[in-house]
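Structural features, examined
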Amino acid sequence: MKAPSRFRTVFAKEVVDNLRDRRTLAAALFYPLLGPAMILLMIYAVGQITKRAEGPLQLPVRGAEHAPHLIAFLEQNHVAITDAPDYPEQAVSAGDVDLVLVIPDDFATSFSAGEPAFVQLIIDESRDEARTKVRRAELLLYGYGRQIGSLRLRLRGVNPSVGDAVVVDRVDVSTPQGQAARILGMAPYLILVSLFVGGMYLAIDSTAGERERGSLEPLLINPVKRSELVLGKAAAVLVFTTVALVETLVGLALILNYFPLEQYIGARMTLPPSALLSIFLICLPLMIFVVAVQMMIASYTKSFKEAQNYISLMLLIPAIPALIMAVLPVKESLWLVLLPTVGQQLFINQILRGEAVTGSYLVLGSVTTLGVGIALLVMVARRYRTEGILFR
Amino acid sequence: MIAFDGIHKSFGDVVALDGVSFRAEDGKITGLLGPNGAGKTTALRILYTVIDQDSGTATVDGFDTHRERQQVQKRIGALPDAHGLYPRLSSRENIRYFGQLHGLSGSELEGNIDELIGLLDMADIADRRTEGFSTGQRVKVAIARALVQKPQNVLLDEPTSGLDVPSTRAMREFIRRLRERGVCVLFSSHIMQEVAALCDEILVMSRGRLVAGGTPDELQRQTGKETLEDAFVTAIGSEEGLS
C-alpha cells in the first residue's frame, strides 16, 4: 500500500480536525446563510411598507362627532376611521397605534364661523415605519383644508388659484424594480463576506493557532517540505471557503427563483443557473486570494485572537468600495477591476443586473487577483522556512 | 550518531552557543546538563532542524542539519520543549498524523502505534481526544508521536519536566529501552540525579559553552571531586539553576 502524499496527509488532517470544531463549522455552514437571510428580510420589510401604503389607512379618531363632514371626506379617500384609544399620546409613544387624529369640541364652532379650525395629529416623528401613514393623513387633512378654503374664496368671488403662487408637481420615478435592484446591490459584498468567513477559523487555527498551542515546532520537525505544509493547509481552507460560497449562492438563487418576490416588491428577478455558475467562476481566483491573505496574516500574528482581529478588520476594506457602489453608480474602469475584491464585486453586480461583463476586464481582473494570491502563498511558504515562524 | 562541530549561534546580542562541539554515539544515552539558559535547547533545536547555526557544522548520521534537512528529519525523532497536541484529535490520531508525515501507512504504521501505546502504558487514553489531558498524558502522546517512525536518533528536550514520580520513572525506563535497541539518545535536563542515573555520557553546559564532558567516572576524575554532584557544580562554577 502506497502512503498518501504529505500534501494529502496535511490536507486530510486539517479537514478532519476542523470538522470537529464547532466554531469552524458554524463559520462555514451557518454564517454564509446569514447573507441570503438578510436579503430575504429586507425584501419582506420593503414589501410590508409598500403594502401598508396601498391598503386603506387605519386612522384612530377622537371627537369624530364634531366634524362629520371631514370624516365623510376621509372615508371617501380610503381611510378607515377607528376609535381612538383613551390616552392617545401614551398610545402613540408606546407604539400601540401609529397616529391619532384629535378633533376638539370647538371644531364645529370655529368651522361654521369661518375661522381656522384646529385638529391635532398625534404622531411619533422618530418612528420610520409610521412615516408613510402620517404623510398620507397629513396630505388628506391639508387637501381637505384647501378644498374648504377654495370654496370659501369662491363664495366671496375670489379665484382660489390666486393663493397658489407656486405649484409643486412631484414626479416619483422610483419603481419596484429599482428597489429590488438596490437590495440586490448588497449581494456582491455578502458573497465576499461569506468567502472570508468560511475558512477564517481554519486559516487561523492551522497557523497562528498551531503556534499558540505549541504544536507547530513538533510539526516542523517532520520530513515535510514547508511548501507542502502550507499548500496542504491552504487547500483545507479553500474547501471550507468553497462550501461557504456555494451555500451563499444557492441561498441567493433560491430566494430569487422560488420566493414569490413579486408579492413583496412588485418585481420578479431571476438568477439562471448560468449566471450562478458565472459568479462561482468569477469567485475562483478571489478564493485563492482570500485564503492567501488569511494565511499571510495568521502566520505573522502571535495568537489566534490577534489573527482574528486583523482578519475581521480586513473585511472592512472591501466594504468601502461595496458601499460606494451601493450608493453611486460606479462605472467599470481598468484600475478598478484590477483591484482584487473590487473588480469581482463589479463583475458580480453586472451579472446580477443582467448586464454584459467586458471580457478583457474579466480576464485581466481574474489574472491579477490570482497572481496576487499565488504571490502571497509563496510569501507564506517563505515565511514558514524562516525561524521567525516559530518564535513570533 | 550525532556530531556537533564548533557551533556558534547568537540571537541578536545574546550568544546562545559559543563554539560547542560534541559527539553522541549509537546505543548510548548522552545527557546535556546545564542550568536554564545554558544553550541546551538551542543545541537541540539546531539538531532537529528548526533553527540554523551561524557557523560550525551539525550532522546526524553524517547528514548536515542545514543542507540536508529532510535526510536529517527522516533519521530523528524529537520531543521539543513545546509539545502541544491537537486537542480535537485522539491520541492515536495525533500519533498517526506524524507517522503519515514520515511516509508510513497501513499495517506498519498501525503496528508501530500499537507498540508505542503498549510501551508507554497509554492504552486507556489511546482513543480519547487529547483535550484536557494531564501533563503526563500529554508527554506520553508527544513522545509516541515523535518516535512513531522508529528513528535511529532520539532528541528529548527536558522529557521529564512537569512529570510526577511514577511518570518520571516510566520515562527513564523508556529511554533505557531505546538504548537497548541501539538508538542514539540525546536528552537535556537540569536535574543532576536524572542525568547521573541515566547517562553513559554527560555533557555539562554553561553560558553557551561545553565546560566538561565524559562518563560519570571521567567527570569525577577531571574535577577531582568525590561525588558527581560536586563535579557538576565545580564544572559549571556555581549551583545556580541546577536541581
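Everything here concerns the structure above.
Predicted model only: the values in this text are computed from it and were never measured.

1. Brief notes about the environment of B:P166
Residue and element names in this part refer to chain B. With respect to the helices, strands and loops of the structure, P166 is situated in helix α6 (residues 165-180). Classification of P166 as exposed rests on a relative accessible area of 57%. Considered as a pair, P166 and A43 are 123 residues apart in the sequence and their alpha carbons are 29 Å apart.

2. Re the pattern of salt bridges
Under the counting rule described, the total for this entry stands at 25 salt bridges over all chains. Across the pair A:D17 and A:K13 runs a salt bridge, and its minimum N-O distance is 3.0 Å. Here the residue A:D17 and the residue A:K13 both occupy positions in helix α1 (residues 6-19), the gap between them amounting to 4 residues, near one helical turn. An identical accessibility class is assigned to A:D17 and A:K13; each is buried. With a shortest N-O distance of 2.7 Å, B:D200 and B:R179 are connected by a salt bridge. In this pair, B:D200 is assigned in the loop between α7 (192-198) and β9 (201-206) and B:R179 in helix α6, connecting sequence segments 21 residues apart.

3. What about the interface of chain B and chain A?
In this complex, chain B contributes 36 residues to the contact, which on the side of chain A involves 31 residues. The largest share of the area that chain B buries against chain A comes from B:Y86, B:R88 and B:L101, three residues that together contribute 25% of it. Where B:K9 meets A:E387, a salt bridge forms, and the shortest distance between an N and an O atom there is 3.2 Å. Taken together, the links from chain B to chain A amount to 14 residue pairs in polar contact (both at pLDDT 80 or more). Among the elements of the structure, β1 (2-11), α2 (69-75), β6 (76-79) and α3 (91-101) of chain B are those that each provide at least two residues to the side of chain B that touches chain A. In terms of residue count, the dominant contributor to the side of chain B that touches chain A is α3(B) (5 residues). When its residues are assigned to classes, the side of chain B that touches chain A shows 16 nonpolar, 11 polar and 9 charged.

4. Describing the nonpolar core
It is characteristic of soluble globular proteins that their nonpolar side chains tend to be buried jointly. If you look at the biggest cluster of nonpolar residues, it comprises 109 residues, and the most contacted ones within it are B:I2, B:F4, B:F22, B:L47 and B:L155. If you tally residues by element for this core, the top one is helix α13 (residues 273-300) of chain A, at 16 residues. Among all residues touching B:F4, those that are not within four sequence positions of it are B:L17, B:V20, B:S21, B:F22, B:R23, B:A43, B:I46, B:L47, B:T57 and B:A58.

5. Describing the side chain of A:Q294
Residue and element names in this part refer to chain A. Note on placement: Q294 falls in helix α13. At 2.7 Å, the side chain of Q294 and the backbone oxygen of F196 are in polar contact. Sequence-distant contacts of Q294, defined by excluding residues within four places in its chain, comprise F196, G199, M200, A203, V237 and I311.

6. Focus: the sheet that holds strand β1 (residues 57-62) of chain A
Residue and element names in this part refer to chain A. Pairing is mixed in the open sheet, where 4 strands are placed in the order β2-β1-β3-β4. Looking at which strands have only one partner, the edges of the open sheet turn out to be β2 (79-83) and β4 (120-123). For this sheet, the mean inter-axis angle between neighbouring strands, taken without regard to orientation, is 35°. Pairing between β1 and β2: 5 bridges, direction parallel. Within β2, the residue paired with L59 across the bridge is I81. Strands β1, β2, β3 (99-102) and β4 of the sheet are contacted by helix α6 (residues 131-155), whose axis makes an angle of about 170° with β4.

Definitions and limits used
- Residues numbered from 1 in each chain as written.
- Chains lettered and ligands numbered in written order.
- Predicted model: local features only at pLDDT ≥ 70, side-chain atom pairs only at ≥ 80, totals over all residues.
- Heavy atoms only, no water.
- Helix = DSSP H or I, 4+ residues; strand = E, 2+ residues; numbered from the N terminus.
- Buried < 20%, exposed > 50% of the residue type's maximum accessible area, 1.4 Å probe, protein only.
- Salt bridge = Lys/Arg side-chain N within 4 Å of Asp/Glu carboxyl O.
- Contact = heavy atoms within 4.5 Å.
- Buried area = accessible area lost by both parts, 1.4 Å probe.
- Polar contact = N/O pair within 3.5 Å; in protein donor to acceptor, adjacent residues only side chain to side chain.
- Nonpolar A, V, L, I, M, F, W, Y, C, P; charged D, E, K, R; others polar.
- Core = buried A, V, L, I, M, F, W, Y, C linked by side-chain atoms within 4.5 Å.
- Pairing = 2+ DSSP bridges.
- Axes fitted to C-alpha atoms, helices over the stretch in contact; angles between N-to-C directions.

These figures come from the coordinates and say nothing about function on their own.
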